[in-house]
Amino acid sequence: MTRLFDPFTIRSTTLRNRLALSPMCQYEAEDGFTTPYHLVHYGKFALGGFGMVMIEATAVSPEGRITHGDVGLWKDEQIGGLATIASFLKRNGATAGIQIGHAGPKAAMQRPYYGDGPLTQADQARGDHPWQVVSASPLAVGEGWLLPTELDAEGIAKVLADFAAAARRALTAGFDVLELHCAHGYLLNSFLSPITNLRTDEYGVDRAGRMKLPLEIARQLRAIWPEDKPLFVRISAVDGTRSGVTIDDSVAFAKELALIGIDAIDCSSGGIGKPYEYPNGYGYQVPFAERIKSETDLRAMAVGLIVDPHQAEKVVASGHADLVAIGREALREPNFALRAEAALGAANHDSPFDSWPRQIGWWLNHRERKIRQLGPWSANDEAAA
Ligand SMILES: Cc1cc2nc3c(=O)[nH]c(=O)nc-3n(C[C@H](O)[C@H](O)[C@H](O)COP(=O)(O)O)c2cc1C
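Residues numbered from 1 in each chain as written. Predicted model: local features only at pLDDT ≥ 70, side-chain atom pairs only at ≥ 80, totals over all residues. Heavy atoms only, no water.

## Focus on the overall build of the protein
Then, number 1: Broken down by element type, the protein carries 13 helices and 12 strands.
Then, number 2: For the protein, the C-alpha radius of gyration of 22 Å lies close to 21 Å, the compact-globule estimate for 385 residues.
Then, number 3: Dimensions of the protein, computed from the C-alpha atoms along their principal axes, are close to 80 × 50 × 40 Å.
Then, number 4: For the protein, with 385 residues in total, the buried portion stands at 57%.
Then, number 5: A sequence separation of at least 24 residues applies to 70% of the contacts in the protein between residues at least 6 apart.
Then, number 6: As displayed, the protein offers around 16,600 Å² of accessible surface, 53% of which is attributable to carbon and sulfur atoms.
Then, number 7: Of the side-chain charges in the protein, 38 are positive and 46 negative, and the distance between the mean point of each set is 4 Å. (Helix = DSSP H or I, 4+ residues; strand = E, 2+ residues; numbered from the N terminus. Rg over C-alpha atoms; globule rule 2.2 N^0.38 Å. Buried < 20%, exposed > 50% of the residue type's maximum accessible area, 1.4 Å probe, protein only. Contact = heavy atoms within 4.5 Å. Areas by Shrake-Rupley, 256 points an atom, 1.4 Å probe, with all protein chains shown as cover. Lys, Arg positive; Asp, Glu negative; His and termini not counted. Charge placed at Lys NZ, Arg CZ, Asp CG, Glu CD.)

## Looking at the environment of Gly345
Then, number 1: On the secondary structure map, Gly345 appears in the loop between α11 (336-343) and α12 (358-374).
Then, number 2: Separated by 22 residues in the primary sequence, Gly345 and Leu323 place their C-alpha atoms 19 Å from one another.

## Re the pairing of strand β10 (residues 264-268)
Then, number 1: Counting buried positions along β10 yields five of five residues, so the element is predominantly enclosed.
Then, number 2: With five bridges connecting them, strand β9 (residues 231-236) and β10 associate as parallel partners. Each residue of the ladder has a partner; that of Ser236, found in β10, is Ser268.
Then, number 3: In the sheet, β10 pairs with strand β11 (residues 299-303) via four bridges, with the strands oriented parallel. Bridge pairing links Ile265 to Ala300 in β11.
Then, number 4: Of the crossover connections in this fold, the one passing from β10 over helix α8 (residues 286-295) to the parallel β11 is right-handed. (Pairing = 2+ DSSP bridges. Right-handed = clockwise from strand over helix to strand, strands pointing away.)

## With respect to the domain arrangement of the protein
Then, number 1: According to the domain assignment, the protein consists of domain 1 (8-347) and domain 2 (351-385).
Then, number 2: Distance between the C-alpha centres of domain 1 and domain 2: 40 Å.
Then, number 3: At the interface, five residues of domain 1 touch four residues of domain 2.
Then, number 4: Of the roughly 510 Å² buried where domain 1 meets domain 2, counting both sides, 56% is carbon and sulfur surface.
Then, number 5: By the criterion of area lost to domain 2, the three top residues of domain 1 are Leu47, Leu338 and Glu341, representing 60% of everything that side buries.
Then, number 6: On the surface where domain 1 and domain 2 come into contact, there are zero salt bridges.
Then, number 7: Between the two partners, domain 1 and domain 2, sit one residue pair in polar contact (both at pLDDT 80 or more). (Domains from an automatic or database assignment. Buried area = accessible area lost by both parts, 1.4 Å probe. Salt bridge = Lys/Arg side-chain N within 4 Å of Asp/Glu carboxyl O. Polar contact = N/O pair within 3.5 Å; in protein donor to acceptor, adjacent residues only side chain to side chain.)

## Re the packing of helix α1 (residues 36-47) against helix α2 (residues 79-91)
Then, number 1: For the pair α1 and α2, interaxial distance at closest approach is 9 Å and the crossing angle is 20 degrees. As judged from the angle between their axes, α1 and α2 are roughly parallel. In this structure, α1 crosses over α2, and the sense of that crossing is right-handed. Where α1 approaches α2, its residues His38, Leu39, Tyr42, Gly43, Ala46 and Leu47 are matched on the opposing element by Thr84, Ile85, Phe88 and Leu89.
Then, number 2: In the contact of α1 with α2, the residues fall into seven nonpolar, three polar and no charged. (Axes fitted to C-alpha atoms, helices over the stretch in contact; angles between N-to-C directions. Parallel < 35°, antiparallel > 145°, perpendicular 65-115°, else oblique. Left-handed = near helix turned anticlockwise from the far one by under 90°. Nonpolar A, V, L, I, M, F, W, Y, C, P; charged D, E, K, R; others polar.)

## Quick notes on the site of the ligand
Then, number 1: Among the 15 residues in the neighbourhood of the ligand, the closest are listed as Ser22, Pro23, Gln99, Leu305 and Arg328.
Then, number 2: The contact in question runs from an oxygen atom of the ligand to an N or O atom on the backbone of Pro23, over 2.7 Å.
Then, number 3: Within the side chain of Gln99, an N or O atom sits 2.8 Å from a nitrogen atom of the ligand.
Then, number 4: Residue classes in the shell around the ligand are distributed as seven nonpolar, six polar and two charged. (Near = heavy atom within 4 Å.)

## Points about the layout of surface pockets
Then, number 1: For the second largest pocket, the calculated volume is near 210 Å³.
Then, number 2: Around the second largest pocket sit Arg16, Ala46, Leu47, Arg91, Asn92, Gly93, Ser355, Trp356, Pro357, Arg358 and Gln359, which together line it.
Then, number 3: Sorting the residues of the lining of the second largest pocket by element identifies α1 and α12 as the ones contributing at least two each.
Then, number 4: When its residues are assigned to classes, the lining of the second largest pocket shows four nonpolar, four polar and three charged.
Then, number 5: There are two domains that each give the lining of the second largest pocket at least three residues, and those are domain 1 (8-347) and domain 2 (351-385). (1 Å grid on protein atoms, 1.4 Å probe; cavity = no way out; pocket = protein on both sides within 12 Å on 5 of 7 lines; lining within 4 Å. Points joined across faces, edges and corners; volume = space filled by probe spheres on them.)

## Considerations on unusual backbone geometry
Then, number 1: Lys274 connects to Pro275 through a cis peptide bond whose omega is -5 degrees.
Then, number 2: Structurally, Pro275 can be placed in the loop between β10 and α8.
Then, number 3: Phi is positive for Leu305, which is not a glycine, with a value near 50 degrees.
Then, number 4: Checked against the element boundaries, Leu305 lands in the loop between β11 and α9 (309-317).

## Details of the pairing of strand β8 (residues 177-182)
Then, number 1: Of all six residues in β8, six are buried, a share of seventy percent or more.
Then, number 2: Side chains Val177, Glu179 and His181 of β8 all project onto a buried face; the interleaved residues Leu178, Leu180 and Cys182 project onto the opposite face, where all are buried too.
Then, number 3: As paired strands, strand β5 (residues 95-101) and β8 are joined by four bridges and run parallel to one another. Of the residues in β8, the one forming a bridge with Gly97 is Val177.

Written as structure tokens, this is what we have:
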């Protein structure tokens, strides 16, 4: 008996299992438009058995991009490519999720495969020019980073409108799950953290002020996203440094999100404050998911160095989280979920490839039966043949 392969229903959406592909930017879009790369890339994880495939941080405005390669949903023309991907994911059994966000002070950077720093002359020669970035307060992320301007009332109104419009487009594109990105030092995290939010207006000063903008956006999204579809919020449960956001702050934030009708918290951490001052071994963020789950009525998704099927099973079976998101290990092994099903003994004993794409599974089941008749392979058999 495994719990990882129990289906999971949230509102009217049922995930076929508890494994999600964590959102991971590919920096391969063109002016925010997806390309065939994205269809093939995300398609692999649906074919690979994941319960949910979450599309990467998708920018709500051009200035909200981390890099020029970010996927975007700031114009209607960008819906079509994402609709094709959502449709493929669903057709192949995965729940289609998408994360929307604004990079704030971490915008206008190099595509990481060109250097992962500020935009250089070489990047600009490729057409990747910087723009004025914004944040809760005018503090650069670090040396060499752009100096943001403080988001003023007009800027806040635009950000609210951009998130609302992007959510509507994500709905039109056919996604089941929408995730609001409030983590990793990007715009909404810059409001939540006392390190980056030095404002003296109603969007700062104390915990309630710092939560105000993310909560206003979440409330807006709940009004747009249909009642029967789930809304997730990704948080940095703690900043990298112990003097920043604490898990108590995040529990308080999650309780407010629950009142708004948010369904699940995707529990990441860090992005503000280096070096990371918390334990960072295997499953290092699971304790944050556990706290959110035990102190609120929300569902929790655990993420971070969960690399093994038995480890993922333990996270769910222990009740520490409802869902497990896999990031880098899924990049290495897009069939992680199918492999996990076999490793945990959750596959059908007589036709172990039933969960594989039917175009492949029927054939592998056939092969399996034949191999069982032959018995285990050995070098001697081959020599004899
Ligand atoms: C290439 C790459 C891109 C990422 N992009 C995003 C992103 O778009 N949104 C986000 O919330 N986290 C992003 N992350 C963080 C992952 O979603 C995940 O939380 C993190 O890698 C830890 O999980 P892991 O140890 O399973 O990789 C990214 C990570 C990687 C490696």
